[in-house]
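Coordinate analysis (summary)
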Amino acid sequence: MKKVKRIDTTEIKGVDIDWLKRINFNWILNSDDFVSYATCIFYVLLNREENITEEKIVKEFLKELHSHHPRRVIKEAELILTKLFPDLKN
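Residues numbered from 1 in each chain as written. Predicted model: local features only at pLDDT ≥ 70, side-chain atom pairs only at ≥ 80, totals over all residues. Heavy atoms only, no water.

A separate point is the overall build of the chain. Per the secondary structure count, the chain includes four helices and zero strands. When the helices and strands of the chain are placed in sequence order, the string is α-α-α-α. Across the 90 residues in the chain, those meeting the buried criterion constitute 26%. When the accessible surface of the chain is totalled, it reaches about 7000 Å², and 53% of it is carbon and sulfur. (Helix = DSSP H or I, 4+ residues; strand = E, 2+ residues; numbered from the N terminus. Buried < 20%, exposed > 50% of the residue type's maximum accessible area, 1.4 Å probe, protein only. Areas by Shrake-Rupley, 256 points an atom, 1.4 Å probe, with all protein chains shown as cover.)

What follows is about the packing of aromatic side chains. Tallied over the entire structure, the rule returns two aromatic pairs. Ring geometry for Phe 34 versus Phe 61: centroids 6.3 Å apart, planes at 65°, classification edge-to-face. Taken as a pair, Phe 34 in helix α2 (residues 31-48) and Phe 61 in helix α3 (residues 54-67) lie far apart in primary sequence, 27 residues in all. In this structure Phe 34 comes out as partly exposed when scored by relative accessible area, which is 24%. Each ring, one from Tyr 37 and one from Phe 61, has its centre 6.0 Å from the other, and the planes form 80°; the classification is edge-to-face. One end of the pair, Tyr 37, is in helix α2; the other, Phe 61, is in helix α3, and 24 residues separate them in sequence. The two residues Tyr 37 and Phe 61 agree in class, both being buried. Of the aromatic side chains, those joined through ring pairs into one cluster are Phe 34, Tyr 37 and Phe 61. (Phe/Tyr/Trp six-rings, centres within 6.5 Å; stacked < 30°, edge-to-face > 60°.)

Attention shifts here to the packing of α2 against α3. When two helices pack together, their arrangement is captured by the angle between the axes and the distance separating the axes. Close contact between α2 and α3 brings their axes to 10 Å; oriented N to C, the two are set at 125°. Taken together, the axes of α2 and α3 are oblique relative to one another. In the crossing of α2 with α3, the sense of the turn from one axis to the other is right-handed. Contact with α2, carried on its side by Tyr 37, Ile 41, Phe 42, Val 44, Leu 45 and Arg 48, involves Lys 56, Ile 57, Glu 60, Phe 61, Lys 63, Glu 64 and Leu 65 of α3 and no other residues of that element. (Axes fitted to C-alpha atoms, helices over the stretch in contact; angles between N-to-C directions. Parallel < 35°, antiparallel > 145°, perpendicular 65-115°, else oblique. Left-handed = near helix turned anticlockwise from the far one by under 90°. Contact = heavy atoms within 4.5 Å.)

The next subject is α2. Its 18 residues place the ends of α2 26 Å apart at the C-alpha level, agreeing with the 26 Å of an ideal helix rising 1.5 Å per residue. Looking only at α2, the buried set comprises Asp 33, Val 35, Ser 36, Tyr 37, Thr 39, Cys 40, Ile 41 and Leu 45. Summarising the contacts, the buried residues of α2 are in contact with α3 and α4 (70-84). (Expected span 1.5 Å × (residues − 1).)

Put into structure tokens, the structure is as follows:
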């Protein structure tokens, strides 16, 4: 995350939409939501895990998805990014 200064959230490439459709949750994710979940997930995993695997990423994603509404995750991601990149704060 420290290497990324700007993220174009208009299109997320490499996401298996069919995989997302199989997950049972009550809202539709837009690209901003997806980037926010990813920000929070990787922040947690980078602070908690030494070895990040695809399995840990998926488990954390499912946990976040089922326990936090996308609007809340966006706020959390903004706090994380402001902490990491203070110059991004308006």
